[in-house]
Amino acid sequence: MKEKIIEILSNEELYEIGFAKIEYFKDLESKLKLQKNKKYDTSFQIGNIDDKTFKNENIFKSAIVVLMPYYKNSRIIDKNFAYVAACYHSIDYHIVLKSKLLNVCNFLKTFGYLTRVCVDDNELDERYLAFKAGLGFYGLNHLLINDKYGSFFFIGIILTDAIFEYDKPLQKTCMMCKQCIENCPNNAIKANGDFNGNQCVSYITQSKNISKADEMLIDQCIFGCDICSNVCPHNKHIVNYSREQLVTIDVKNYFHLSNKEFNNLYGNRAFAWRGRNIFERNINIYKQKLEKKGKL
Ligand code: B12
């Protein structure tokens, strides 16, 4: 059955596949508790620690975990154009990756197995499940790193009650070069390895109410942040996937869009979930910066 699942996923151009056993993840529990006590959790996290660690009896026995790589060169040299972080350029990965996983679900259902598809919209700790499935190792920047794709990939998961032979986590760490710590613009990545999601510029660009100090952190990349990925040496020599449709915004000639216009233009992009107001607020913050410097 495992071979057939791998074959179905390969036909969808998904090649990094791992199988993890669902059980009570005690080592994760202690890490999540520390994170929570320090108030480093963001408002974007869903579910509680018991859900993430499968502490209670669960109908699912296994997680089939897949990685889908994305285009890594998001940066635009021309300062007159704002852009979004690498993972937001393509057609919404929630839609694309979920649809790629459906054939495996249909296959498992023919044997009477239960399935649930998860892509970034759930209570799971997806990075941890991918780690358990042997697909990568943790970086100091808290991203999961895969030997083939670096950290430029999305994670998709199928939970099922089918039982497999499981993969083992990699016994590896990142190079610990600390480039991510040194280059993080808001000190979100701590020297002791902690990560304060509330300080992450990616979170700030997506948040509704932000302070004047937060505004200072929004720059040419107006949605998400790739700094800790871009400086990571594990991302230097990886294959680049160039099937993306870049989102660039001509700041000088950008005019306010109606909700309908915004949805027509960007409704199928992953950043659209936060709505037009946040998108335009960030463009305006960047525009004002350019104007102040006399560069527009
Ligand atoms: C909320 C969220 C965010 C928040 C908070 C992120 C954070 N680090 O806390 C914000 C908005 C800031 C964010 C930003 C980004 N995100 Co995000 N995000 C999520 C989401 C929805 C939940 C993650 C979460 O809150 N986990 C709980 C926290 C506490 O756990 P954690 O950070 O994973 O780390 C815990 C464990 O993994 C464990 N752990 C850590 N190290 C180790 C080591 C060992 C050995 C072990 C055993 C365990 C362990 O302990 C940690 C607690 O301290 C996930 C999808 C999901 N459901 O998982 C995507 C997800 C993590 N994001 C993703 C992406 C792509 C991004 C961005 C790159 C987007 C961008 N360009 O702006 C940035 C990267 C920022 C960064 N350096 O992490 C990808 C990750 C891809 C990857 N290669 O790792 C995910 C998995 C979405 C997906 N399905 O593809 N994100």
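Cut-offs applied
The residue count restarts for each chain, going from 1 along the sequence in the order it is written. Thresholds applied to this predicted model are a pLDDT of at least 70 for local features of residues and 80 or more for the giving and counting of side-chain atom pairs; totals over whole chains, interfaces and linings are not thresholded and use all residues. Strands are treated as partners if at least two bridges between them are detected by DSSP. Runs of E in the DSSP output that reach at least two residues are strands. Runs of H or I that reach at least four are helices, and both are numbered from the N terminus. Every angle, taken between N-to-C directions, lies between 0 and 180 degrees, and every axis is a line fitted to C-alpha atoms, over only the stretch in contact when it is a helix. The contact criterion used here is simple: two residues whose C-beta atoms, placed from the backbone, lie within 7 Å are in contact. Here, expected helix span is obtained from the residue count minus one, scaled by 1.5 Å. Here a residue counts as buried when 20 or more other C-beta atoms sit within 10 Å of its C-beta, as exposed when there are 12 or fewer, and as partly exposed otherwise, the C-beta atoms being derived from the backbone. The reported arc concerns the directions from the helix axis to the C-beta atoms and nothing else. Each residue gets a C-beta atom placed from its backbone. Should that atom fall within 6 Å of a molecule or strand, the residue is termed near it. Think of it as three bins: nonpolar holds Ala, Val, Leu, Ile, Met, Phe, Trp, Tyr, Cys and Pro, charged holds Asp, Glu, Lys and Arg, and polar takes everything else, Gly as well. Boundaries between domains were set according to an automatic or database domain assignment.

**A look at the sheet that holds strand E9 (residues 248-250)**
And then number 1: One open sheet holds the 3 strands; their spatial order is E8-E3-E9, and the pairing between them is mixed. Here the strands that pair on one side only, and so sit at the sheet edges, are strand E8 (221-223) and E9. With direction set aside, neighbouring strand axes in the sheet form an average angle of 35 degrees.
And then number 2: The sheet contact formed by strand E3 (residues 81-84) and E9 spans 3 bridges and is antiparallel. Along E9, the bridge assignment pairs Tyr83 with Thr248.
And then number 3: Each of E3, E8 and E9 touches helix H11 (residues 275-292); the most contacted strand, E8, lies at about 160 degrees to it.

**Considering H11**
Spacing of three or four residues puts side chains on the same side of an α-helix, whose turn is 3.6 residues.
And then number 1: If you check H11, its first and last C-alpha atoms are 27 Å apart, about what 18 residues at 1.5 Å a residue would give, namely 26 Å.
And then number 2: What H11 keeps buried is the set Phe279, Asn282 and Tyr286. For H11, the angular spread of buried residues about the axis comes to 70 degrees, placing them on one side. In this structure, H11 carries Asn277, Gln288, Glu291 and Lys292 as exposed residues pointing more than 90 degrees from its buried face.
And then number 3: The elements touched by buried residues of H11 are E3, helix H7 (201-206) and E8.
And then number 4: Directly after H11, the chain includes Gly294, whose backbone phi takes a positive value near 65 degrees.

**Quick notes on the site of the ligand**
And then number 1: Taken together, 39 residues sit near the ligand, with Lys31, Glu126, Gly197, Ser202 and Gly224 positioned nearest.
And then number 2: Top contributing element to the shell around the ligand by residue count: helix H2 (residues 26-37), with 5 residues.
And then number 3: Class assignment of the residues belonging to the shell around the ligand gives a composition of 19 nonpolar, 12 polar and 8 charged.
And then number 4: The residue makeup of the shell around the ligand includes at least three contributed by each of domain 1 (2-76 + 91-160) and domain 2 (179-292).

**Focus on unusual backbone geometry**
And then number 1: Look at Glu13: it is not a glycine, yet its phi comes out positive at around 60 degrees.
And then number 2: In this structure, His142 takes a positive phi of about 70 degrees despite not being glycine.

**Details of the domain arrangement of the chain**
Interface size is often expressed as the accessible area that is lost when the parts come together.
And then number 1: Partitioning the chain into structural domains gives domain 1 (2-76 + 91-160) and domain 2 (179-292).
And then number 2: With centres defined by C-alpha atoms, the gap from domain 1 to domain 2 works out at 23 Å.
And then number 3: On the domain 2 side, the residues contacting the 26 residues of domain 1 number 26 residues.
And then number 4: A per-class count over the side of domain 1 that touches domain 2 returns 12 nonpolar, 9 polar and 5 charged.

**Considerations on the environment of Arg75**
And then number 1: In this structure, Arg75 sits in the loop between strand E2 (62-69) and E3.
And then number 2: Under the C-beta neighbour-count criterion, Arg75 is labelled exposed, with 12 such atoms within 10 Å.
And then number 3: For the pair Arg75 and Asp194, spaced 119 residues apart in sequence, the C-alpha to C-alpha distance is 27 Å.

**Observations regarding the sheet that holds E2**
And then number 1: A sheet is described by the order of its strands in space; here 4 strands give the open sequence E1-E2-E7-E4, paired in antiparallel fashion. The outermost strands of the open sheet, each flanked by one partner alone, are strand E1 (16-21) and strand E4 (115-118). Within this sheet the neighbouring strands show an average axis-to-axis angle of 20 degrees, counted without direction.
And then number 2: Sheet topology places E1 next to E2; 6 bridges connect them, and they run antiparallel. In the sheet register, Glu16 faces E2, and the bridge partner there is Leu67.
And then number 3: Together, E2, E4 and strand E7 (153-160) form the strand contacts of helix H4 (residues 93-109), whose direction differs from that of E7 by roughly 30 degrees.

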